Amino acid sequence: MRFSNILTFVGVIGTAFAACPQGLSSCGQACYPPNLYSCDKGTLCPIGMKSCNGACYSPNEYHCENGNLIYGAEPIPVYTPPSNSAVESNCPGGQLSCGESCYDPAIYSCDNNQLCPQGMKSCSGACYNPKEYHCESGGLVYGPSSGGNNAPYNPPVNNPPYNPPATNTPSYSPPPSSTGNDTKNYDGFKLVFSDEFEGNSLDRGKWTPEVNCWGGGNAEKQCYVDHPETIFVKDGQLHLKAIYKGAYQLNGNDKCTLDNEGSCSWTQPIISGRVNSKLNNLSWKYGKVRVKALLPSGPFLWPAIWMLPQDDVYGTWAASGEIDIMEARGQDPTIISHAIHYGGQWPNNVYSDKLATVSNAQENWHVYGVDWTEDSLVFSIDDNPTYTVDLNRSFYSGKGENPYTGPRQPFDQKFHLLFNVAVGGGFFDAGKYGEFNPASHSQQWTRPELAIDWVRVYQRT
């Protein structure tokens with residue numbers, strides 16, 4: 001994935017750098033999209049975070065005193081919003097301002113200086129559907145304000161604040177069957193890990209679902225949830241499925257695993273699935289990784305088969321590396337991307353990637369893989385090499401502090417596996433793909449799920 005889970009960001013400090021492409025602003029020597037990041041005291045930080053002596057922090061958890069981070073939220077300033085909370089600003093054409101954020105009024109509204117999806121209101125920072133809840137003394141109460149059950153807010157199991165009418169739910173086609181005998185031996189290698197996804201449930205001794213609404217730090221529009229409708233095993237396959245909900249917030253039944261920027265309370269229009277092998281200590285240094293998969297079909301769906309370091313030996317993302325075996329865009333059924341990320345901690349990181357063509361990956365099963373040795377990473381589709389990276393060099397980006405002491409670093413440590421379906425975000429260039437509209441584009445999804453037939457890891461005997 002282009003971005004990863006980052007708790008603390010370190011930005012770029014310096015004078016303004018004007019030579020940025022159209023639509024990007026400058027912060028020090030870096031160019032950035034102002035809808036994702038802000039420049040605070042010369043430091044580049046994600047929207048909603050502030051700078052303290054070069055480090056970015058969440059004002060919901062820390063505050064800055066004399067250049068030092070102090071635990072505890074900073075005092076909330078008194079704010080009197082305009083009557084409709086939305087103001088004209090220097091936002092891009094057609095967008096309005098809500099606090100420090102720009103938003104599309106066709107998709108979101110600004111209520112009490114809180115950005116919420118259209119049709120929802122704000123209650124002490126949480127967005128809610130006024131048809132099902134109302135706000136009393138700063139707390140959510142079940143039932144609309146005109147009456148109903150006024151018991152304290154306690155959402156039913158698996159009943160999010162909003163579900164679109166059944167008439168708005170498109171009919172999805174099931175994935176075609178995976179055929180053929182895929183058992184394969186590689187001379188000099190032995191199978192050290194596999195999951196054939198037999199049975200009726202995810203093997204949690206191998207895979208851990210992730211639960212968060214952060215959007216990968218990349219403005220993705222999904223909440224990852226551990227629900228039987230988003231993560232399930234059926235017909236010998238693992239399925240990770242994206243589902244449009246209109247608006248979804250994690251509730252008491254969702255155990256949030258990542259609260260970057262206070263995102264456990266964020267609202268997203270879509271739920272989806274993501275699993276990793278990290279917490280089960282399933283990670284490898286060198287070997288062959290093979291994953292047989294069928295990719296989702298529909299605009300702005302972003303499936304990924306990838307690897308992250310088991311330990312941040314060289315620092316937080318992306319100093320310790322990232323290996324993207326397969327990423328794809330739902331609009332491009334015949335194109336997939338291979339990539340690696342490295343160079344330094346964000347924002348001093350860089351990446352190298354290559355696009356590869358494939359026979360329709362949304363209708364045909366393919367085996368996506370990487371052969372990883374001390375000297376190289378060789379990406380492949382159906383065991384045909386498509387991209388080779390020479391590891392016998394320095395991977396320092398040339399920006400900021402050099403986290404490495406020699407060649408091959410950071411790709412000389414153990415990495416674990418991740419699978420997910422993200423939706424929207426910076427992977428989709430607006431100039432080429434347009435702007436993502438969750439309500440309308442989700443109606444065009446024909447099969448919004450990543451299906452995985454098997455996973456196998458081989459290492460030298």
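All figures in this text were calculated on a predicted structure; none of them were measured in a lab.

Focus on the sheet that holds strand 22 (residues 243-249)
As summarised here, the arrangement of the 3 strands in space is 19-23-22, forming an open sheet in which the pairing is mixed. Strands at the two margins of the open sheet, each flanked by one partner only, are strand 19 (222-224) and strand 22. Adjacent strand axes in the sheet meet at a mean angle of 50°, parallel and antiparallel pairs treated alike.

Here we look at the state of the cysteines
Going through the model one piece at a time under the given rule, you end up with 4 disulfides. Covalently, Cys91 is tied to Cys102 through a disulfide, its sulfur atoms 2.0 Å apart. Disulfide Cys91-Cys102: torsion about the S-S bond near -80°, hence left-handed. Of this pair, Cys91 sits in the loop between strand 8 (68-71) and strand 9 (96-98) while Cys102 sits in strand 10 (residues 101-103), placing them 11 residues apart in sequence. On the accessibility criterion, Cys102 (34% relative accessible area) is partly exposed. Residue pairing for Cys213: its cysteine sulfur links by disulfide to Cys223, the two sulfurs lying 1.9 Å apart. Its torsion about the S-S bond being 110°, the disulfide of Cys213 and Cys223 is classed as right-handed. With a gap of 10 residues between them, Cys213 in the loop between strand 18 (208-209) and strand 19 and Cys223 in strand 19 connect regions that are remote in the sequence.

Focus: the pattern of salt bridges
Within the structure shown, the criterion is met by 13 salt bridges. Linking Lys288 and Asp371 is a salt bridge whose minimum nitrogen-to-oxygen distance equals 2.5 Å. One end of the pair, Lys288, is in strand 26 (residues 287-294); the other, Asp371, is in strand 31 (residues 366-372), with 83 residues separating them in the sequence. Here Lys288 matches Asp371 in class, with each residue buried. Between Arg290 and Asp383 there is a salt bridge, and its shortest N-O distance comes to 2.9 Å. Here Arg290, found in strand 26, pairs with Asp383, found in the loop between strand 32 (376-381) and strand 33 (384-390); they are 93 residues apart in sequence, far enough to count as distant. When salt bridges that share partners are traced, they join Lys184, Lys288, Arg290, Asp371 and Asp383 into one network.

Procedures and definitions
- Residues numbered from 1 in each chain as written.
- Predicted model: local features only at pLDDT ≥ 70, side-chain atom pairs only at ≥ 80, totals over all residues.
- Heavy atoms only, no water.
- Pairing = 2+ DSSP bridges.
- Helix = DSSP H or I, 4+ residues; strand = E, 2+ residues; numbered from the N terminus.
- Axes fitted to C-alpha atoms, helices over the stretch in contact; angles between N-to-C directions.
- Disulfide = S-S within 2.5 Å.
- Buried < 20%, exposed > 50% of the residue type's maximum accessible area, 1.4 Å probe, protein only.
- Salt bridge = Lys/Arg side-chain N within 4 Å of Asp/Glu carboxyl O.

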